[in-house]
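Remarks on the overall topology
Spelled out, the chains give:
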Amino acid sequence: MARSKKTMDGNEAAAHAAYIFTDTAAIYPITPSSPMAEHTDEWATQGRKNYFGKTVKIVEMESEAGASGTVHGSLVAGALTSTYTASQGLLLMIPNLYKIAGERLPGVINVAARCVASHALNIFGDHSDVYACRQAGCAMLCESSVQEVMDLTPVAYLSAIKGRLPFINFFDGFRTSHEIQKIDIWSNEDFDDIIDLKAIEEFKANALNPNHPCEMGSAQNPDIFFQSRESCNVVYDELPAIVQEYMDKINAKIGTDYKLFNYYGAADATHVIVAMGSVNDTIEETIDYLAEKGEKVGLIKVRLYRPFSVQAFLDAIPATAKTISVLDRTKEPGSIDEPLALDVKSALMSDPKFKDVTVLCGRYGLGSKDTTPEQIVAVYHNTDKKKFTLGINDDVTHLSLDAGAPLVTTPEGTVCCKFWGLGADGTVGANKNSIKIIGDNTDMYAQAYFDYDSKKSGGITMSHLRFGKKAIKSTYLIHKANFVACHNAAYVRKYNMVQELVDGGTFLLNCPWTGEELDKHLPGQVKKYMYDHKIKFYTINGTKLGIESGMGPTRINTILQSAFFKLTGIIPEEKAIELMKAAAKKTYGLKGDDVVQKNWNAIDLGATGVVEVAIPDSWANGKDEGLDYPAATKGSQAQKDFVNNIQIPVSSQEGNGIPVSVVKTYMTGDTPSGTAAYEKRGVSVAVPVWNPDTCIECQQCSYVCPHAAIRSIALTEEEAKNAPADMQLKDLTGMPGYKFAIVVSQMDCLGCGSCANVCPANKAPKNVEAGIKTLAMQTLDDELKAQQKYFDYAVELDPKQEVVDKFGLDTVKGSQFKQPYLEFSGACAGCGETPYAKLITQLYGDRMYFNLG
Ligand code: SF4
Ligand code: SF4
């Protein structure tokens, strides 16, 4: 049976399939599962119909505990009910899961599995949340890819209905929930010959109903509770067969081969991995690579994790297996082994045929640590470490397996592209758009994954896009690319990005530089790499073209997207432009023709604005200048250690190489405060420039800045005399003998413009008439960067309590002469929350507890 194709991520795939079988959805948002609830809500609002011809009823609750309580109540009332969650949200549901399972109610909890916060918050993917629920009595079905989420989510629902048990239907947070793939999708009619309407009728007939009253949720004492609990054994014994029955029906329909445990690899494999989740695709890709080298290796993919069918698992193991490595994506401190490894060992003990098989147990991928083909090769080649970890350097307990240099295991013809963008600059949105254009308009497979640092915006974004004629199983980040685009010129000295290009690859740099300027700004190691590896080098002046297109200097995403299509030739240029314009019309049509036209201008300018740069022979001699992260030399020893050992490698995207011995100092998650001041990112396109002649010293600018990057400073005559040359000062009104300055940390400013927008002097009629701005946003160039020294000098000056007292701490003016203790936050540019938090620290100093949730 052929299904229609669509390009979407795992969350949308889960929501799409779940909608078909859902009467009621109880929702509460939590990353990375929120889009499942959002899609369901949106479709219900649009009137989309489920299998039963009804619109899903959405109930939004105040927490996940409330959502799971609603699921429970809704199921008891006879509605097929879904929810969507992750991490602590799932853990909040646990008490209700016991009830839902104990009462044999067929709800489905769709989970984008995510790390549970321990010493630190981590919003990324692992299995610590789902493992924490394995005792609650829900069946647990796992999918490894976006396509599998679409294919198997119905199995969870259909089996829940027939088996009369709830399911936790889970897949990897971020790696699957947010990975975009072109997939085959279900329609309601596809289930006409599969859905068990009689079972649904029975479930509804059994619901609490005044026509046949009964009592639920009674209390039981020691005399009968235990044996009542044992009475459900048979239900769990029968469930695996029901799940397999539905997998078989789906296999017959769409030509797949889903089993409770799927085997992949050599029929005579000697070393077999057992794993669950998105890592399975990477393992499959690695098996294909190793098979070409004659290695006999295999994989058992766990799909139905609970109830764990021992027989189905044993049947999947090739008789030749001598070693089984079990990969668990969690850490249970103090446990003998991790959960899946315990299951595997226990299952093997039940059959003497496997008594000589060696079982090795590994942890991988915690908090979305990338798991790569070379790490999987290391697992297959490991024979001596009985317990191991992947992807880290554990130089304390020495559990980690060494992996070599990045391997290229993707099928021939796969094109890998990586884009380095600034958070909120639109790069991610443009790439999502691109992948849909490619996926929906060519016969190519397409995959996109987006990697972020933890800054809310103004941080770094890395978009990983792959295309090819063969299915893409690479569920890991790109470290060998055919095309790299750098959307922010400041990045060339901050990240090793060009060095990830394959020989002859293409590098596109968004910058205003040409000729000698390029020679000056590019570090020696980048120039040498481009020369040595015959890189095709192009530049584009996105800021200038943004202004020309009418989009403005920071709206470069469409321009860069257009340049990408031109340079890669994935789709013929004319066709690509036509498709991009159609997409822009669809996205911005409601905002008016003017906005659409500006986007179209940007598309045209992006395609024509790329400039090829001939790489001069002199670049062959480029010297390694290192990355632009000055070591911390000031501050406390604790601050210096943290900045130099952790913050700098993390900021430069080299954090994966930090060994356990270094992070051990911060085992409990405590780190020194005040270290954001060392980052000095310099990523803003434009920064404010102060004009003392028209300033009225109201200090609204420093009051509203979300990042404490603009400050009001009072100086004594002596301090004014010692100030750096050319630092602009004026007399402080009302305080004879004092000078005043507004200073800007250009390297910390995120260019939101809030200060310039609020400045009342900008709006004074005489200034407006004369075209004078007291605070004017200007492009951050070298000259402005050099003015950082004024800020650096000013913030070191002694506090002036007498100035605060004069104007009053309870006034905007007085408060802004106080040192803020929340500086250079990673919040979104223009955040409305951090100015208040910053102000509280100015009002109450450092004698308070502060929790920003
Ligand atoms: S532009 Fe925004 S971040 Fe920069 S100084 Fe002004 S308010 Fe602060
Ligand atoms: S908001 Fe404008 S007028 Fe007020 S202190 Fe800042 S620069 Fe001066």
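Up top you'll find the structure we're talking about.
What you see is a predicted model; the values in this text were computed from it and never measured. (Residues numbered from 1 in each chain as written. Chains lettered and ligands numbered in written order. Predicted model: local features only at pLDDT ≥ 70, side-chain atom pairs only at ≥ 80, totals over all residues. Heavy atoms only, no water.)

**Some remarks on the nonpolar core**
Judged by nonpolar contacts, the single largest core of 107 residues is most densely connected at Phe167, Ile168 and Phe313. When residues of this core are assigned to their parent elements, the largest contribution, 10 residues, is made by helix H6 (residues 146-163). Here this core spans two domains, since at least three of its residues come from each of domain 1 (4-214 + 221-251) and domain 2 (261-389). Setting aside its immediate chain neighbours within four residues, Ile168 contacts Leu97, Ile109, Val111, Val130, Cys133, Cys138, Ala139, Met140 and Leu141. (Core = buried A, V, L, I, M, F, W, Y, C linked by side-chain atoms within 4.5 Å. Buried < 20%, exposed > 50% of the residue type's maximum accessible area, 1.4 Å probe, protein only. Helix = DSSP H or I, 4+ residues; strand = E, 2+ residues; numbered from the N terminus. Domains from an automatic or database assignment. Contact = heavy atoms within 4.5 Å.)

**Overview of the sheet that holds strand E25 (residues 730-731)**
With antiparallel pairing, the 3 strands of this open sheet are ordered in space as E24-E26-E25. At either end of the open sheet lies a strand with only one pairing partner, and these are strand E24 (710-716) and E25. Note: E24 against strand E26 (residues 738-744), 7 bridges, orientation antiparallel. Among the inter-strand pairings, Ile710 is bridged to a residue of E26, identified as Val744. (Pairing = 2+ DSSP bridges.)

**Observations concerning the packing of helix H1 (residues 10-20) against H6**
At their nearest, the axes of H1 and H6 sit 8 Å apart, and the two run at 30 degrees to each other. By the angle class used here, H1 and H6 are roughly parallel. Handedness of the H1/H6 crossing: right-handed. Contact residues: Gly10, Ala13, Ala14, His16, Ala17 and Ala18 in H1; Val146, Val149, Met150, Thr153, Pro154 and Tyr157 in H6. Residue classes in the contact of H1 with H6 are distributed as 9 nonpolar, 3 polar and no charged. (Axes fitted to C-alpha atoms, helices over the stretch in contact; angles between N-to-C directions. Parallel < 35°, antiparallel > 145°, perpendicular 65-115°, else oblique. Left-handed = near helix turned anticlockwise from the far one by under 90°. Nonpolar A, V, L, I, M, F, W, Y, C, P; charged D, E, K, R; others polar.)

**With respect to helix H10 (residues 279-292)**
Helical geometry note: an α-helix holds 3.6 residues per turn, so side chains three or four residues apart project in the same direction. Taking 1.5 Å per residue, 14 residues should reach 20 Å; H10 reaches 20 Å between its end C-alpha atoms and fits that length. The element H10 is largely enclosed, with a buried count of 10 among its 14 residues. Turning to H10, its buried residues are Val279, Asn280, Asp281, Thr282, Ile283, Glu284, Glu285, Thr286, Ile287 and Leu290. On its buried face, H10 is in contact with strand E7 (167-172), strand E9 (261-265), strand E10 (271-275), strand E11 (297-302), strand E13 (323-328) and helix H13 (373-381). Residue Gly294 follows H10 closely and has a positive phi angle near 90 degrees. (Expected span 1.5 Å × (residues − 1).)

**Remarks on a nonpolar patch on the surface**
A surface patch of nonpolar side chains, amounting to about 300 Å² of accessible area, comprises Ile840, Tyr844 and Phe850. Note that Tyr844 resides in helix H32 (residues 834-844). (Patch = residues over 30% accessible without salt bridge, like charges linked within 9 Å, V, L, I, M, F, W, Y side chains within 5 Å. Areas by Shrake-Rupley, 256 points an atom, 1.4 Å probe, with all protein chains shown as cover. Salt bridge = Lys/Arg side-chain N within 4 Å of Asp/Glu carboxyl O.)

**Comments concerning the packing of helix H19 (residues 573-588) against helix H20 (residues 593-608)**
The contact between H19 and H20 brings their axes to 9 Å, and the two run at 155 degrees. The angle between the axes of H19 and H20 places the two elements in the roughly antiparallel class. Our pair here, H19 against H20, has a crossing hand that is right-handed. Packed against H19, whose contacting residues are Glu573, Ile577, Met580, Lys581, Ala584, Lys585 and Tyr588, the element H20 presents Val595, Val596, Asn599, Trp600, Ile603, Asp604 and Ala607 at the interface. Partitioning the contact of H19 with H20 into residue classes produces 9 nonpolar, 1 polar and 4 charged.

**Let's talk about H32**
Taken residue by residue, H32 has Thr834, Pro835, Ala837, Lys838, Leu839, Thr841 and Gln842 as its buried positions. Tucked inside the fold, the buried residues of H32 contact helix H23 (700-704) and helix H31 (812-815). Taken from the residues just after H32, Gly845 is the one with a positive phi, measuring 70 degrees.

**Regarding the pattern of salt bridges**
A complete count under the given rule lists 40 salt bridges for this structure. The partner of Glu284 in a salt bridge is Lys301, and the shortest N-O contact between them spans 2.3 Å. One end of the pair, Glu284, is in helix H10; the other, Lys301, is in strand E11, and 17 residues separate them in sequence. Note that Arg306 is salt-bridged to Asp343, the shortest N-O span being 3.1 Å. Here Arg306, found in strand E12 (residues 304-306), pairs with Asp343, found in helix H12 (residues 339-349); they are 37 residues apart in sequence, far enough to count as distant.

**Examining the site of ligand 2**
Around ligand 2 there are 13 residues in total, and Cys695, Cys698, Gln699, Cys701 and Cys759 lie nearest to it. Looking at the shell around ligand 2 residue by residue, the class counts come to 10 nonpolar, 2 polar and 1 charged. (Near = heavy atom within 4 Å.)

**Overview of the side chain of Glu284**
For Glu284, a relative accessible area of 5% gives the class buried. Here Glu284 is in contact with Tyr264, Leu299, Lys301 and Lys473, once residues within four sequence places are set aside.

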